[in-house]
Amino acid sequence: MCNNECDASTPELAHPPELMFDFEGRHPSTFWQSATWKEYPKPLQVNITLSWSKTIELTDNIVITFESGRPDQMILEKSLDYGRTWQPYQYYATDCLDAFHMDPKSVKDLSQHTVLEIICTEEYSTGYTTNSKIIHFEIKDRFAFFAGPRLRNMASLYGQLDTTKKLRDFFTVTDLRIRLLRPAVGEIFVDELHLARYFYAISDIKVRGRCKCNLHATVCVYDNSKLTCECEHNTTGPDCGKCKKNYQGRPWSPGSYLPIPKGTANTCIPSISSIGTNVCDNELLHCQNGGTCHNNVRCLCPAAYTGILCEKLRCEEAGSCGSDSGQGAPPHGSPALLLLTTLLGTASPLVF
């Protein structure tokens, strides 16, 4: 492909890794290229690792565009602990049984009950042709098992994500690793007289996702070369994963998609030991459910509510809540609740 003009030491002739992530509006495409298979039969293996130093929730397919033939063998791996340990995400091969001792499958063979299964697919491992440059890891097809083929029933998907930790974790990563294990050969035997034809070349890798902020942030910023959640609801931590000091009046919990369509913020409330001055502040909306802050020391609650921040239904304490009590749900627009669109915007979608 380089017409014998590849030279990593010469900028004009080099094909470094950053060319997998540059703008691809140019023709011909820029691309990274590995060394050729000149040391055959020693395996030609390359790892490409993508790290964000932040937990990311995937929202769309991972797409890898090859300029060479797609590899005969490849593994996509994920990490949830910043690269300390790795788990397979999907196997790719021209012959799954021979390469990985796995029967070939596609995502279409899965179901709601088997959506977390790690499969080997032969769908993307053919040799080089004009229309076969791309390898996918299918996020949207897996979403479709819950939201329908056109993803119109997103409430069902969000309900599943809200209640099933294993499902949430499946679509969550801190790092991705592409393990290229065998280049596209295209024949039964490797042509040892022309080993320069065997290599890997990738022009583009797209990973679409958003920062994981546990539904306690609407913004994720890139600050000091690091992605950071701007935590709300009196939470703190890299993923807004704990209550702030003096706001541990109840255990931390993530924001919830439920009930659809409003969701629930699950705001951290002041610790009993911290109650005193500055318990509430109207500007910061600490009083909930229509309560008002009195001299920054206590919340004046509507008749139907009680608690330090008016966060409890009075009928709950009496055990008398019911459909005829008139106190079955917080009023519309309660600060304790966020619109689903806000909750879903746990940081603006990012493209890496």
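Here, residues in each chain are numbered from 1, in the same order as that chain's written sequence. Note on the predicted model: pLDDT of at least 70 is required for a residue's local features to be given, and 80 or more for side-chain atom pairs to be given and counted; whole-chain, interface and lining totals, by contrast, use all residues. Working from all heavy atoms in the structure, the side-chain values ignore hydrogens and water.

Draft legend 1. Region of the structure containing the overall build of the protein chain. Segments assigned H or I by DSSP are reported as helices when at least four residues long, segments assigned E as strands when at least two residues long, and all are numbered from the N terminus. Looking only at helices and strands, the protein chain features six helices and 19 strands. Three exposure classes are used, based on accessible area relative to the maximum for each residue type with a 1.4 Å probe and protein chains only: buried under 20%, partly exposed in between, and exposed over 50%. Looking at the protein chain as a whole, 44% of its 352 residues are labelled buried. A contact between two residues is defined here by any heavy atoms of the two lying within 4.5 Å. At a minimum sequence separation of 6, the contacts of the protein chain that also span at least 24 residues come to 63%. Values of accessible area rely on a 1.4 Å probe in the Shrake-Rupley scheme; residue burial ignores everything except the protein chains shown. Of the roughly 18,800 Å² of accessible surface on the protein chain, a fraction of 52% belongs to carbon and sulfur atoms.

Draft legend 2. Region of interest: the state of the cysteines. When two cysteine sulfur atoms are found within 2.5 Å, that pair is recorded as a disulfide. All told, the structure shown has seven disulfides when counted by the stated rule. Linked covalently through their sulfurs, Cys96 and Cys120 form a disulfide whose S-S length is 2.1 Å. Classification of the bridge connecting Cys96 and Cys120 rests on its S-S torsion, roughly -85 degrees, and on that basis the disulfide is left-handed. Of this pair, Cys96 sits in helix H1 (residues 96–100) while Cys120 sits in strand E6 (residues 120–121), placing them 24 residues apart in sequence. With relative accessibility at 0%, the residue Cys96 sits in the buried group. Each disulfide pairs two cysteine sulfurs, and for Cys243 the partner residue is Cys268, the sulfurs being separated by 2.0 Å. Taking the torsion about the S-S bond as the criterion, the Cys243 to Cys268 disulfide, at about -75 degrees, is left-handed. Separated by 25 residues along the polypeptide, Cys243 in strand E14 (residues 242–243) and Cys268 in the loop between E14 and strand E15 (292–294) bring together distant segments of the chain. The buried category is assigned to Cys243, whose relative accessible area is 8%.

Draft legend 3. Summary view of helix H2 (residues 139–147). Listed as buried for H2 are Ile139, Arg142, Phe143, Ala144, Phe146 and Ala147. In this structure, the buried side of H2 is in contact with strand E2 (46–58), strand E5 (87–93), strand E7 (134–137), helix H3 (154–163) and helix H4 (165–170).

Draft legend 4. The arrangement of the packing of aromatic side chains in detail. Paired rings are identified among Phe, Tyr and Trp, the last through its six-membered ring, by centres lying within 6.5 Å, and are further divided according to the angle between planes into stacked (under 30 degrees), edge-to-face (over 60) and tilted (the rest). The final tally for this structure, using the stated rule, is 10 aromatic pairs. Ring centres 4.9 Å apart and planes at 90 degrees place the aromatic pair Trp37 and Tyr40 in the edge-to-face group. With relative accessibility at 26%, the residue Tyr40 sits in the partly exposed group. Following the ring pairs from residue to residue traces out a cluster consisting of Tyr89, Phe137, Phe143, Phe170 and Phe171. Charge-over-ring placement is defined geometrically: NZ (Lys) or CZ (Arg) within 6 Å of the ring centre, and within 35 degrees of the ring normal. In this structure, Arg177 packs its charged tip against the face of Trp86, placed 4.2 Å from the ring centre.

Draft legend 5. The arrangement of the confidence of the model for the protein chain in detail. Residue-level confidence of the predictor, termed pLDDT, takes values from 0 up to 100. In this model, the protein chain carries an average pLDDT of 84, and 83% of its residues clear a pLDDT of 70 or more. Mean pLDDT across the secondary structure elements of the protein chain bottoms out at helix H6 (residues 340–344), with 33, and peaks at strand E4 (residues 73–79), with 98. Note that residues 323–349 has pLDDT below 50 and, in this model, 63 contacts with residues that lie over four places away or in other chains.

Draft legend 6. Structural context of unusual backbone geometry. Backbone torsion omega between Tyr40 and Pro41 reads 15 degrees, so that peptide bond is classified as cis. With respect to the helices and strands, the residue Pro41 is situated in the loop between strand E1 (32–33) and E2. Here Leu258 and Pro259 are connected by a cis peptide whose omega angle stands at -5 degrees. Along the chain, Pro259 turns up in the loop between E14 and E15.

Draft legend 7. Seen up close, the nonpolar core. Within this scheme, the nonpolar core is defined by two criteria: the residues are buried Ala, Val, Leu, Ile, Met, Phe, Trp, Tyr or Cys, and they are joined through side-chain atoms within 4.5 Å. Among the nonpolar cores identified, the biggest contains 52 residues, and Ile48, Ile64, Leu180, Ile202 and Ile205 are the most heavily contacted of them. Looking at which domains feed residues into this core, each of domain 1 (17–211) and domain 2 (213–272) gives three or more. Every residue in contact with Ile64, bar those within four places of it in the chain, is listed here: Met74, Lys133, Ile134, Ile135, Ile178, Ile202, Asp204 and Ile205. The split of the chain into domains comes from an automatic or database domain assignment.

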